[in-house]
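Letter by letter, the chains look like this.
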Amino acid sequence: MSRQTWLFGGLFVAALATWQWFDRDRSAPASEQDFQPDFVATNLSSVQYNRQGLPYRGMEAQHAEYYESLSMTLMKKPVILLYSPDGQPQWRLSGNDGTINTGDNAVLTGNVVGKGLQPDALVDTLTTEYLEMDFINNRLRSNQKVRLESPQYQAEGTGLRGRLDQQTVELLNETRATYFNP
């Protein structure tokens, strides 16, 4: 073999190695990307108002991280306050952790407690480990064990669906209830 063939072979190997080196950085899978929050807040508190100037949703959290590329906020110790159309507090929902997707739904996990705040609320306290809220359709759902309490009854079951605006909930499976005489 001539010196010229060895030179072209060496250049080819160097070009191939360089191409592989730089191509590795661009081809990292999305699951391995290091997402950084766009902002971080501690002791977050916010209230959203409707066109009439009445509150319709409030949120508090010990710690929150917002990721614009994912359109979501991750929270520690979140509290979500939901108001009736006339601006009166209706539900207070809290958990150990939470995720809110921009504008349409929220998920609370770990020691989730919901309190009915209206004097005529059908449910005083709702407890579970997992709760989803669909703000667009005013729906509430869970696939975990749920306990409901009020002065008139105590009920337990697996799975729940409900309407936030109507303050109604339905246990779906393995339901047991105890009713009290007033």
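In case you missed it, the structure is sitting above this.
Report on the accompanying structure. None of these values were measured; they are calculated from a predicted model.

## Remarks on the overall build of the chain
Each helix and strand counted, the chain has one helix and eleven strands in total. Reading the secondary structure of the chain in the N-to-C direction produces α-β-β-β-β-β-β-β-β-β-β-β. With an accessible surface of roughly 12,000 Å², the chain has 52% of that area assigned to carbon and sulfur atoms.

## Topic: the pairing of strand S4 (residues 79–83)
Most of S4 sits inside the fold, with five of its five residues counted as buried. Of the two faces of S4, the one carrying Val 79, Leu 81 and Tyr 83 and the one carrying Ile 80 and Leu 82 are both buried. As defined by bridge partners, strand S2 (residues 55–67) adjoins S4 across four bridges and the pair is classed as antiparallel. Paired with Met 59 across the bridge in S4 is Ile 80. Pairing between S4 and strand S5 (residues 89–94): five bridges, direction antiparallel. Its bridge partner being in S5, Leu 82 is matched across the sheet by Trp 91.

## Concerning the packing of aromatic side chains
Tallied over the entire structure, the rule returns two aromatic pairs. On the numbers, 6.1 Å between centres and 45° between planes, the contact of Tyr 153 with Tyr 179 is tilted. Of this pair, Tyr 153 sits in strand S10 (residues 153–163) while Tyr 179 is found in strand S11 (residues 168–179), placing the two residues 26 residues apart along the sequence.

## Remarks on the nonpolar core
Counting residues in each nonpolar core, the largest one holds 25 residues, and the members touching the most others are Ile 80, Leu 126, Met 133, Leu 148 and Leu 160. Setting aside residues up to four positions removed in sequence, Ile 80 forms contacts with Gly 58, Trp 91, Arg 92, Leu 93, Ile 100, Ala 106, Leu 108, Met 133 and Phe 135.

## A short note on the pairing of strand S6 (residues 97–101)
Across the two faces of S6 the burial differs, with Gly 98 and Ile 100 buried and Asp 97, Thr 99 and Asn 101 not buried at all. As paired strands, strand S3 (residues 72–76) and S6 are joined by five bridges and run antiparallel to one another. Within S6, the position partnered with Lys 76 by the bridge is Asp 97. Where S6 lies against strand S7 (residues 105–116), five bridges are found, and the strand directions are antiparallel. Bridge pairing links Thr 99 to Val 107 in S7.

## Details of the pattern of salt bridges
In this structure the tally under the stated criterion is six salt bridges. Arg 161 is paired through a salt bridge with Glu 170; the nearest N and O atoms lie 3.2 Å apart. Taken together, the shared-partner salt bridges in this structure form one network comprising Arg 147, Glu 149, Glu 156 and Arg 176.

## Brief notes about the environment of Val 40
Mapped onto the fold, Val 40 is located in strand S1 (residues 39–49). For Val 40, a relative accessible area of 47% gives the class partly exposed. Residues Val 40 and Glu 65 lie 25 residues apart in sequence; the distance between their C-alpha atoms is 4.5 Å.

## Notes on the environment of Pro 151
Considering the arrangement of structural elements, one finds Pro 151 in the loop between strand S9 (139–149) and S10. With a relative accessible area of 57%, Pro 151 lands in the exposed category. Beyond its immediate chain neighbours, meaning those up to four positions away, Pro 151 contacts Asp 124 and Phe 180.

## Points about the side chain of Thr 73
Positionally, Thr 73 belongs in strand S3. With near-sequence residues (within four places) excluded, Thr 73 lies in contact with Ala 64, Glu 65, Tyr 66, Gly 98, Thr 99 and Ile 100.

About the cut-offs
Residues numbered from 1 in each chain as written. Predicted model: local features only at pLDDT ≥ 70, side-chain atom pairs only at ≥ 80, totals over all residues. Heavy atoms only, no water. Helix = DSSP H or I, 4+ residues; strand = E, 2+ residues; numbered from the N terminus. Areas by Shrake-Rupley, 256 points an atom, 1.4 Å probe, with all protein chains shown as cover. Buried < 20%, exposed > 50% of the residue type's maximum accessible area, 1.4 Å probe, protein only. Pairing = 2+ DSSP bridges. Phe/Tyr/Trp six-rings, centres within 6.5 Å; stacked < 30°, edge-to-face > 60°. Core = buried A, V, L, I, M, F, W, Y, C linked by side-chain atoms within 4.5 Å. Contact = heavy atoms within 4.5 Å. Salt bridge = Lys/Arg side-chain N within 4 Å of Asp/Glu carboxyl O.

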